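Secondary and tertiary structure notes
Chain by chain, the residues:
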Amino acid sequence: MTLAAGTRLGLYEITAPLGKGGMGEVYRATDTKLGREVALKVLPAEMAASPELFERFRREARALAALDHPNIVTVYSVEEAEGIHFLTMQLVEGESLDRLVPEGGMPIGQLLSLATALADALVAAHGKGIVHRDLKPGNVMVTQDGRVKVLDFGLAKVAAPEPRGQKESELSTAMRTREGVVMGTVPYMSPEQLRGRAMDHRTDMFSLGVIVYEMATGRRPFAGESAAELGSAILRDVPPPLANLRPDLPAGLTRVVNRCLEKDPAARFSSMQDVHGELSAVSTGGADRRNVSSQGHAPRSWSRALVPTIAGIAILLGAAAYLVNRLPVWRTQKAPIQHQIRSIAVLPLDNYSGDPNQEYFAEGMTDELTADLARISRLRVISRGSAMQFKGGQRPPTPEIAKVLDVDAVVEGSVLRADDRVRITVQLIDARADRHLWANSFERSSRDILALQDELTSAIAREIHVQLTPADESRLGSAPEVNPEAYDAYLKGRYFFNRPSDENLQKAIARFEDAIAISPDFVPALSGLSDAYLWAGYNEGFLTASEARPKAKEAAEKAVELDDSSAEAHTSLAVFKLFYEYDWAGAEVEFRRAFELNPNYAYAHDQFALGLAFQGRFDESVAESQRAAELDPLNPQVPIDALFAFAWQEDYTAAREQARRSAELDPTYFFPPLAYGWIDIQAGNVQEAIPHIEKAKTMGAPPFVGAWLAYAYGASGDRARALQELEEVKRMSLGGSVTAFNLALVSLGLGDHGRAVSYLEQAYASDSEWLGWLGRDRAFDPLRSDARFVALMKTLGFEE
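Residues numbered from 1 in each chain as written. Predicted model: local features only at pLDDT ≥ 70, side-chain atom pairs only at ≥ 80, totals over all residues. Heavy atoms only, no water.

Some details on the overall build of the chain
When helices and strands are tallied, the chain shows 32 helices and 17 strands. Counting the 800 residues in the chain, one finds 56% classified as buried. In the chain, 65% of the contacts between residues at least 6 apart in sequence involve partners at least 24 apart. For the chain, the computed accessible surface area is about 33,100 Å², with 51% contributed by carbon and sulfur atoms. (Helix = DSSP H or I, 4+ residues; strand = E, 2+ residues; numbered from the N terminus. Buried < 20%, exposed > 50% of the residue type's maximum accessible area, 1.4 Å probe, protein only. Contact = heavy atoms within 4.5 Å. Areas by Shrake-Rupley, 256 points an atom, 1.4 Å probe, with all protein chains shown as cover.)

The following block contains the structure:
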């Protein structure tokens, strides 16, 4: 059934037909609700009537929906209207690849750009366990700005382990969907596909080899006058050598194609990630800087020689001359940057090891790349916490991410660790225009992982034309070796530390200590250990502040002593001085040094803002909080820490706006309702604070929230409820022992001011981290005429 223009299917109005294939007819349509143009793939009625074919249609939708990649068409929805089943997809404006290959083949630059993008799309698909199985030029669109979009995963199979002893794949259920018919498009099918044998990601590798061969020469590698002859050629014949047909092709590209076209899947590359890496290396001239095995294939090792051969240089110079003469005809892999890039975000790198237990490593590499870029003084880099909001699931389109994070560009890619080698493959995207700018792979041994990160950071800086200062260049050129076991333990520690809970904090401490036991001078682990102990003492979930204090101090001071150029180490020491020693001047020195080393360290700006608010330097505090919010816009703690400066200036409207912002970022977080209650207390509306704090208490809050609730009950005249809440705080506290600071709050609410001061003196003696609030918090105003309280304030550095 053909649908005429103007036909309505639910919310969609058909505009024009776009094409027809084995999976149905495709139409251009308008989404009348959202006002956007989409593509509709309609399942013919006779196919919808077949449960087997309808299941194939649904499988296509599921396969596409699982993918989120700039080189793969986006599926929006699967719908049914008027008895017609269809899916809606991104409308791709452009030409299919089969219409773009000229006689004699494509220019080298265009060929490499398209081939690398195709491989990158397949890397993403294979990473989700999806094999295309019908890859052909007709299923590849090239948009008007030169971007590749892979279409029609209608024959895709979600990979799953086959039953032990099964020698054939799902040929009986997918390949032979009709008796005697083999699904796929014969010129691009792999030998194992033609034979009906088990298929995996390497069947796509073979199809990619056929496509790249055709792009390079204008002809297919295998020929035949009938499907039977063509199939026989694929199974039997060796293609005419590429070097004979295109002498100007880089030798590295020829090796990649030859290996993809091996008859035996085991002789091909082990993963599409390797294919993508090789193509990226060819694009940048790196593929001909390496040893070649006696069979003419790339050796299995990822290692590369550092010096190009004379022949390789000659090939590159010849290719460059050829490209200069053809520049108006095609787009290079390095697309021109349309506007200045001064802000960037590193999106979570995908874990391509296939092992979910390696997730910590991929996340750690994302964090480390973010931290490395953040040290470039002339670049604004979004904090890892905000970028990690886009980990997993269906990422929004890149322009939407750019708008949320307010960045010019994003880095995305993948991490693969095998044996003692680490490879990171990244691409740089002009986020506002959603245009691919550059892609490359970087690999080194595990011992040289820091050098790999610096190399990658320098490459990105060059591509976005950010000028490195002499200090930046010095740091990026002096990365030491690192013990792989220590580094691995450190990354595990950070992984747990970034998921706060008592259990994870204990795991983080254990892993950091493992790293230090292996490598005692490993500064990142020392800094991480200090942070973990500091927050353990702050929460008092399994350690008291007195137990945590010396360990946090020792680790921070040793980290700074070992590496004065570590912004993280200086920040750890600054936070310790701020919350444990109330050394305002000393903390400021450390914070200022951290900003010199890493102006993009959002956590340092956030904590410094708190310290400035404690001292009554409100304008400076607000400025630091704004900087933290620019760098970490999706972190709900940042607006919480910002609201104190507003509240202590009696700008309660602005303070409540910060609490609202935090709640909007994380509706499950206990701190926003607590903050609303605390603001009411500052404004003198204690009774109104109670419902807010009660709500916070129901959201998995720690004991200090109950102490504030007991204070509010007592201050509002409900002594019985205050004492009842105190018993609840006691039940929640470590070992049933309520901290001195929390007892001071309860006593203050009950009007027992003398006892409240006594408890505050005990809190100071027991290393409480909460005393910084005493200088400005209006809840403690009734104590300010007490001589002992005045003396305590002077001890804490509050002179007024």
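Additional details are given in the paragraphs that follow.
Brief notes about the pattern of salt bridges
Within the structure shown, the criterion is met by 48 salt bridges. In this structure, the salt-bridge partner of K492 is D488, at a minimum N-O distance of 3.5 Å. On the criterion of helical spacing, the pair formed by K492 and D488 is a turn pair, its members being four residues apart in helix α16 (residues 484-497). Owing to a relative accessible area of 15%, D488 belongs among the buried residues under this scheme. Within the structure, one salt-bridge network assembled from shared partners comprises R549, K553, K577, E581, D583 and D767. (Salt bridge = Lys/Arg side-chain N within 4 Å of Asp/Glu carboxyl O.)

Here we look at the packing of aromatic side chains
Tallying each qualifying case throughout the model produces 35 aromatic pairs. Ring centres of Y495 and F496 lie 5.9 Å apart, and the angle between their planes is 75°; on these two criteria the pair is classed as edge-to-face. On the basis of relative accessibility, which here comes to 22%, the residue Y495 falls in the partly exposed class. Taking the centre distance of 5.9 Å and the plane angle of 20° together, the rings of F741 and W770 count as stacked. Linking F741 in helix α30 (residues 740-749) with W770 in the loop between α31 (753-765) and α32 (787-795), this pair joins segments that are 29 residues apart in sequence. When sorted by exposure, F741 lands in the same class as W770, which is buried. (Phe/Tyr/Trp six-rings, centres within 6.5 Å; stacked < 30°, edge-to-face > 60°.)

Structural notes on the layout of surface pockets
Of the voids in this model, the second largest pocket is the one considered here, and its volume is about 1,200 Å³. Along the walls of the second largest pocket sit 50 residues, with L67, D68, H69, P70 and R395 positioned nearest its centre. Mapped by element, the contributors of at least two residues to the lining of the second largest pocket are α2 (51-65), β5 (75-81), α3 (108-127), β13 (350-351), α13 (398-405), β15 (409-418) and β16 (421-430). (1 Å grid on protein atoms, 1.4 Å probe; cavity = no way out; pocket = protein on both sides within 12 Å on 5 of 7 lines; lining within 4 Å. Points joined across faces, edges and corners; volume = space filled by probe spheres on them.)

As for empty space enclosed by the protein
Scanning the entire structure with this criterion turns up five cavities of 30 Å³ or more. Reported here for the second largest cavity is a volume of approximately 160 Å³. Counting residues per element, the ones that place at least two in the lining of the second largest cavity are α24 (637-647), α26 (671-682) and α28 (703-715). Here the element with the most residues in the lining of the second largest cavity is α26; it accounts for four residues. The class makeup of the residues in the lining of the second largest cavity is 13 nonpolar, no polar and one charged. (Nonpolar A, V, L, I, M, F, W, Y, C, P; charged D, E, K, R; others polar.)

Some details on helix α9 (residues 272-283)
Over its 12 residues, α9 extends 16 Å from the first C-alpha to the last, a length consistent with the 16 Å expected when each residue adds 1.5 Å. Among the 12 residues that make up α9, 11 are buried, leaving the element largely enclosed by the rest of the structure. Of the positions making up α9, those classed as buried are M272, Q273, D274, V275, H276, G277, E278, L279, S280, A281 and V282. The secondary structure elements touched by the buried residues of α9 are α3, α5 (201-217), α8 (251-260), β15, β16 and β17 (435-445). (Expected span 1.5 Å × (residues − 1).)

Notes on the nonpolar core
Formed by 151 residues in total, the largest nonpolar core has its most connected members in W708, L760, L774 and F780. Per element, the largest residue contribution to this core is 10 residues, and it comes from helix α18 (residues 523-539). Discounting chain neighbours no more than four positions away, the residues touching F780 are F741, L745, L748, L760, L774 and F789. By size, the runner-up hydrophobic cluster in this structure holds 52 residues, among which are A124, V150, L230 and L249. (Core = buried A, V, L, I, M, F, W, Y, C linked by side-chain atoms within 4.5 Å.)

Examining the sheet that holds strand β10 (residues 148-150)
The sheet built from three strands is open, its strands ordered β7-β9-β10 with antiparallel pairing. Either end of the sheet is taken by a strand with one partner, and the two such strands are β7 (94-96) and β10. On average, each strand axis in the sheet is tilted by 30° relative to the strand beside it, whichever way the strands run. Pairing between β7 and strand β9 (residues 140-143): three bridges, direction antiparallel. (Pairing = 2+ DSSP bridges. Axes fitted to C-alpha atoms, helices over the stretch in contact; angles between N-to-C directions.)

Let's talk about the packing of helix α20 (residues 567-581) against helix α21 (residues 584-597)
Remark: α20 packs on α21, axes separated minimally by 8 Å, with the N-to-C direction vectors making an angle of 160°. Looking at the two axes, α20 sits roughly antiparallel to α21. In terms of crossing hand, the pair formed by α20 and α21 is left-handed. Along its contact with α20, which presents A567, H570, T571, L573, A574, V575, K577 and L578, the element α21 presents W584, G586, A587, E590, F591, R593, A594 and L597. Classifying every residue of the contact of α20 with α21 by side-chain character gives 10 nonpolar, three polar and three charged. (Parallel < 35°, antiparallel > 145°, perpendicular 65-115°, else oblique. Left-handed = near helix turned anticlockwise from the far one by under 90°.)

As for the side chain of S414
The topology assignment puts S414 in strand β15. With a relative accessible area of 3%, S414 lands in the buried category. In terms of polar contacts, S414 uses its side chain to reach the side chain of Q273, at 3.1 Å. Residue contacts for S414: discarding those within four places in its chain leaves Q273, L349, D350, Y352, R423, I424 and T425. (Polar contact = N/O pair within 3.5 Å; in protein donor to acceptor, adjacent residues only side chain to side chain.)

Observations concerning unusual backbone geometry
In this structure, R133 takes a positive phi of about 70° despite not being glycine. Take R133: it is sitting in the loop between β8 (130-131) and β9. Using a relative accessible area of 5% as the deciding quantity, one classes R133 as buried. One non-glycine residue, E650, adopts positive backbone phi at about 65°. Examined against the element boundaries, E650 turns out to sit in the loop between α24 and α25 (652-665).

Digging into the pairing of β9
Residues in a regular strand project their side chains so that they alternate between the two faces of the sheet. The alternating pattern of β9 places V140 and V142 and M141 and T143 on opposite faces, both of which are buried. Pairing geometry for β9 and β10, over three bridges, is antiparallel. For V140, the partnering residue across the bridge sits in β10 and is V150. The antiparallel pairing of β9 with β10 creates a hairpin that spans four residues between the two strands, and G146 there sits at a positive phi of about 90°.

Regarding the environment of A602
Structurally, A602 can be placed in helix α22 (residues 602-614). Expressed as a C-alpha distance, the spacing of A602 and V638, which sit 36 residues apart in the sequence, is 9.0 Å.

So, the packing of α28 against helix α29 (residues 719-732)
Put simply, α28 and α29 touch, their axes get as near as 8 Å, and they point 170° apart. Classified by the angle between their axes, α28 and α29 sit roughly antiparallel to one another. Of the residues in α29, those in contact with P703, G706, A707, L709, A710, Y713 and G714 of α28 are R721, A722, E725, L726, V729 and M732. By residue class, the composition of the contact of α28 with α29 is nine nonpolar, two polar and two charged.

Details of α21
In this model α21 runs 20 Å from its N-terminal to its C-terminal C-alpha over 14 residues, within 8% of the 20 Å that 1.5 Å per residue would give. The inward-facing, buried residues of α21 abut α20, α22 and α23 (618-631).

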